[in-house]
Amino acid sequence: MRGPAGTPAARRTRRRLAADAGLLLAAAAFALPLLWVVLSAVDPDAGLRVRVPDALTLDHFDAILTPEITFTPLLNSLVLCGGATALTVACAALAAYPLSRFRSRLNRPFLLTVLFATSLPITAIMVPVYALYVRVGLIDTVHGTVFFFAASQLPFAIWLMKNFMDGVPKELEEAAWADGASALQSLLRIVLPLMGPGVAVVTVFSFVMMWGNFFVPFMLLLTPDRMPASVSVNEFFGNRGMVAYGQLAAFSVVYSTPVVLLYVLISRRLGGGFALGGAVKG
Amino acid sequence: MRRTRRALLRAVPVAPAVVLLLLFLAGPIAYCVVLAFTDLQLTGQAEESFVGFDNFRRALGDDAFLNAVWLTLVFTVVSSLLGQNTLGLALAALLRRASKPVRTLTGAVVITAWVLPEVVAGFLLYAFFRREGTLNAVLDWLRLPSQNWLFTLPILAVSFANVWRGTAFSMLVYSAALDEIPREVTEAAEVDGAGGLRRLWHVTLPMIRRAVGTNLMLNTLQTLSVFGLIWVMTRGGPSGRSQTLPLYMYEQAFQNSMIGYGTAVALLLLLIGSLFSVLYLRLLRTEA
C-alpha cells in the first residue's frame, strides 16, 4: 500500500520538480558557451571565460562595424543565401505541385530519389565539385556558388514543400480549374497563399542552413572580397596571432542574430517550433 | 497520344528542379566516381591519367587514413549515437513533465545552440574548451582537475561540441514522437506498477522505434559531414588527433595537392553516407 507521499497528485508534483531540476541543469550546461559570447561582446577585458563584466562597453561593436570586417561579408552572405534561397523555393514549389496533385507512376521513384538525396553528405562531394568548377570556369563565381547551394538544399525543400502542399485540400482548386484557371495560376493564386506558413518554413530553413554553411563557400570562392561572413570571419580572426576575443564575440553576435530572429519568427507562427521535428520525422 | 501529352505537360514544372539537381548534384557525384580513379593534382599537370584502384590501395596502406577512419567512428558513436540521440530523448521526455517556464527556457537555449552558424558554434566551444576557458573554470570551482582539453582529448572535445550543436534536432524529433503516444498507454503501464526504466524499455521505445531509427540515421549522416566545427576548433590537430575523414580528405586534396586521392576518400565517405541513406529509406518504408 502506498504511503501519503504516494498519492498520484503528490507523485506528479515530485516528478515535475525532478524534471525541472534535470532540465535546468541541462539548460545551464548548454547556456554557458552562449553566455560567454553575449558577455564577452560587451566586456572591455573579454577573455575566454564566462565572467560578469566589470564595466559595459560597445567598443567591440564599434571596432568591427566596418565595411571590411562586417558589412561586405554580411552583404555577400545576403546575396549568396538570398539568391540561392529564392531559387530553391521557386524550384521546390514548382516541382512539388505535380508531385502533390497528379498521380503518376514516376512520383514514387522521384520522391524516393529526392529523399535519398536529402541525406547525402554534401561535404563529401565538395572536392569533385571544386575540380568540376575549375574545369568549367565556375570557380570563384557568385552564381556558381548560388547554383550549388540551391541544388544542395533542393531535395529537402522539395520534400518539405510536397508534404505541406498535401495538406491543402484539392477541392479548393477544382472550382478554379472549372473556371478555366491553369495549373500555374491555381498554384500561385490558391495553393501557395493557403500554405503560407509552409512556404515560410521552407524559405527560412533553407536560408538558415546556407547562412551558417562554411564549407561550400570556403571551397568554391577564392577572392576575399566575395567571401560571406562564415568564411571571412575565420580568415580574419584565425590568421592573426593575437585574437581579440571581445571583437570576435561581437562579430559572432552580429552574424548570428538574423538567423536566430528568423527562427523565432517562424517557430512562433508554427506554435512552439516543434513542427519542424514533426515534418522531418516523415 | 493525348494522355502522354497531358502527362508531359503536367511534368513541366518539375523541370527546373530536375535540371538543377542533375547539373549540380548528380553531375558532381558522377564526376566524383570518375575522378577517384585518376591521379589529378591541384596544379601543374596537363592531363590526369587513369590509375585504377591505386588511390584506394594507397589509402588502406596509409596510417593517417586509418587514423581518420577510427576517429570518424569515435566521433560518430560518441557525438551522434550516445550523445545527441540519448540526450535528445532524455530532454524530450523531461520536457513533457516539466513546468512551463522551465520547458520554454530549456527549449530556447538548446535550440539556439542548434540555429547558430557552424563557425560561431566552433568559436564558442573553442573558447569553452581552451585551457583558460569556461570548462576549466567550472572544474576549478568544483575542485576537479582541469586540463588543456583541445590538446589532451581533442576528439572528445569536438564530439561534445557536436553534441552541444546537434542535440536540439533529436529533441525535436523525439518530442514530436512522444506526443503521439496515447496517454492511456503510459497510464496503464503506470497502474500496472512498471517502473520508469522498464516503462521506457517495454512501452515507450517500442512505440517510437520509427522515430528512433529516423533520428539515428539523420544524426549519423549529419555527423559524417561535419567539417567547419572541427576546422574552427582544432583544424584536425594536434598532429591529426581530431582529423576525421572530411578533414583528412581536405588536407590530401588541397594541402597535399592530390585531388584524385582526396576524391577517392570522398567517394568512400559518399558510399558510407549512401548506405546509411538507403537504410533510412528502408526503415521509413517498412514502418510506414
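Remember, predicted model here, so these are calculated numbers, not experimental data.

Observations regarding the packing of aromatic side chains
The way to describe two aromatic rings as a pair is by their centre distance and the angle between their planes. Residues and elements named next belong to chain A. Considering all chains together, one arrives at 28 aromatic pairs over all chains under this definition. With 5.9 Å between their ring centres and 35° between their planes, Trp211 and Tyr255 make a pair best called tilted. Taken together, the residues span a long stretch of sequence, with Trp211 in helix α9 (residues 196–212) and Tyr255 in helix α12 (residues 245–269) at a distance of 44 residues. Residue classification places Tyr255 among the buried residues on the basis of a relative accessible area of 0%.

Observations regarding the interface of chain B and chain A
Of the residues lining the interface, 96 residues belong to chain B; the matching set on chain A comes to 83 residues. Across the chain B/chain A interface, buried area totals approximately 7800 Å², and carbon plus sulfur atoms make up 78% of it. Considering only the surface of chain B that becomes buried against chain A, Leu20(B), Phe24(B) and Phe123(B) emerge as the three largest contributors, covering 8% of it. Counting across the chain B and chain A interface gives 0 salt bridges. Broken down by element, the side of chain B that touches chain A gets its largest block of residues, 13 residues, from helix α15 (residues 259–287) of chain B.

Concerning the pattern of salt bridges
Enumeration over the complete set of coordinates arrives at 4 salt bridges over all chains. Of the charged contacts, one joins Asp166(A) and Lys162(A) as a salt bridge, the two residues approaching to 2.8 Å between their closest N and O atoms. With Asp166(A) and Lys162(A) both in helix α6 (residues 142–166) and 4 residues apart, this pair spans about one turn of that helix. As a salt-bridge pair, Arg96(B) and Asp179(B) come within 3.0 Å of each other at their nearest N and O atoms.

Some words on the UniProt feature "transmembrane region" (unreviewed entry) in chain B
Per the UniProt annotation, the sites labelled "transmembrane region" (unreviewed entry) are residues 12–37, 68–95, 107–129, 149–174, 216–238 and 258–281 of chain B. With 96% helix and 0% strand, residues 149–174 of chain B has end C-alpha atoms that lie 31 Å from one another.

Topic: the confidence of the model for chain A
Note that predicted coordinates carrying low pLDDT should not be read in detail. When pLDDT is averaged across chain A, the result is 83; 90% of the residues are at 70 or more. Note on residues 277–282 of chain A: pLDDT is under 50 here. Beyond four places in sequence and across chains, it has 20 contacts.

Focus: empty space enclosed by the protein
Here the structure, examined in full by the defined rule, presents 2 cavities of 30 Å³ or more. By volume, the largest cavity amounts to about 1300 Å³. Lining the largest cavity are 47 residues; nearest its centre among them are Gln153(A), Phe205(A), Met209(A), Gln222(B) and Ser225(B). When grouped by side-chain class, the residues that make up the lining of the largest cavity number 31 nonpolar, 14 polar and 2 charged.

Some remarks on the domain arrangement of chain A
Residues and elements named next belong to chain A. When its domains are assigned, chain A resolves into domain 1 (1–57) and domain 2 (65–280). For domain 1 and domain 2, the distance between their C-alpha centroids amounts to 33 Å. Counting residues at the interface gives 7 residues for domain 1, matched by 6 residues for domain 2. In total, domain 1 and domain 2 occlude about 500 Å² of area from one another, counting both sides; carbon and sulfur atoms represent 85% of this. Applying the counting criterion to the domain 1 and domain 2 interface returns 0 salt bridges.

A short note on the layout of surface pockets
Quantified by volume, the largest pocket comes out at close to 880 Å³. Lining the largest pocket are 24 residues; nearest its centre among them are Arg15(A), Arg97(B), Thr186(B), Glu190(B) and Arg199(B). Within the residue set of the lining of the largest pocket, elements represented by two or more residues are α1 (8–41) of chain A together with α4 (63–97), α10 (183–191) and α11 (196–207) of chain B.

Thoughts on the side chain of Ser100(A)
Residue and element names in this part refer to chain A. When you line up the elements, Ser100 lands in helix α3 (residues 67–101). For Ser100, a relative accessible area of 16% corresponds to the buried category. Engagement of the side chain of Ser100 in a polar contact is seen with the side chain of Arg101, the distance being 3.1 Å. Among the polar contacts listed, one links the side chain of Ser100 to the side chain of Asp166, at a separation of 2.8 Å.

Observations concerning the packing of α10(B) against α11(B)
Residue and element names in this part refer to chain B. At a minimum axis distance of 11 Å, the contact between α10 and α11 shows a crossing angle of 165°. With respect to each other, α10 and α11 are oriented roughly antiparallel. With respect to the hand of their crossing, α10 and α11 are arranged in right-handed fashion. Contacts between α10 and α11 involve Val185, Thr186, Ala189 and Glu190 on the former and, on the latter, Arg199, Val203 and Met207.

Details of the side chain of Thr88(A)
All names here are of chain A. Mapped onto the secondary structure, Thr88 falls in helix α3. Side-chain polar atoms of Thr88 contact the backbone oxygen of Ala84, separated by 2.7 Å. Sequence-distant contacts of Thr88, defined by excluding residues within four places in its chain, comprise Ala150, Gln153, Leu154, Ala157, Ser206 and Met210.

Structural notes on α9(A)
All names here are of chain A. If you check α9, its first and last C-alpha atoms are 24 Å apart, about what 17 residues at 1.5 Å a residue would give, namely 24 Å. The element α9 is largely enclosed, with a buried count of 12 among its 17 residues. Every buried residue of α9 is listed here: Gly198, Val199, Val201, Val202, Val204, Phe205, Ser206, Phe207, Val208, Met210, Trp211 and Gly212.

Section: the UniProt feature "transmembrane region" (unreviewed entry) in chain A
All names here are of chain A. Under the present numbering, the feature "transmembrane region" (unreviewed entry) in UniProt falls on residues 21–42, 74–97, 109–130, 142–161, 199–222 and 242–266. Measuring from the first to the last C-alpha atom of residues 21–42 gives 30 Å, for a span that is 95% helix and 0% strand. The span residues 74–97 carries 100% helix and 0% strand; its end-to-end C-alpha distance comes to 34 Å.

With respect to the packing of α4(B) against helix α9 (residues 154–179) of chain B
Residues and elements named next belong to chain B. Running from amino to carboxyl end, α4 crosses α9 at an angle of 40°, the nearest separation of the two axes being 6 Å. Taken together, α4 and α9 sit at an angle that is classed as oblique. Seen along the crossing, α4 lies across α9 with a hand that is right-handed. Class assignment of the residues belonging to the contact of α4 with α9 gives a composition of 17 nonpolar, 11 polar and 2 charged.

Criteria and cut-off values
- Residues numbered from 1 in each chain as written.
- Chains lettered and ligands numbered in written order.
- Predicted model: local features only at pLDDT ≥ 70, side-chain atom pairs only at ≥ 80, totals over all residues.
- Heavy atoms only, no water.
- Phe/Tyr/Trp six-rings, centres within 6.5 Å; stacked < 30°, edge-to-face > 60°.
- Helix = DSSP H or I, 4+ residues; strand = E, 2+ residues; numbered from the N terminus.
- Buried < 20%, exposed > 50% of the residue type's maximum accessible area, 1.4 Å probe, protein only.
- Contact = heavy atoms within 4.5 Å.
- Buried area = accessible area lost by both parts, 1.4 Å probe.
- Salt bridge = Lys/Arg side-chain N within 4 Å of Asp/Glu carboxyl O.
- UniProt positions renumbered as here; feature names shortened; annotations may be inferred.
- pLDDT = per-residue confidence, 0-100.
- 1 Å grid on protein atoms, 1.4 Å probe; cavity = no way out; pocket = protein on both sides within 12 Å on 5 of 7 lines; lining within 4 Å.
- Points joined across faces, edges and corners; volume = space filled by probe spheres on them.
- Nonpolar A, V, L, I, M, F, W, Y, C, P; charged D, E, K, R; others polar.
- Domains from an automatic or database assignment.
- Polar contact = N/O pair within 3.5 Å; in protein donor to acceptor, adjacent residues only side chain to side chain.
- Axes fitted to C-alpha atoms, helices over the stretch in contact; angles between N-to-C directions.
- Parallel < 35°, antiparallel > 145°, perpendicular 65-115°, else oblique.
- Left-handed = near helix turned anticlockwise from the far one by under 90°.
- Expected span 1.5 Å × (residues − 1).

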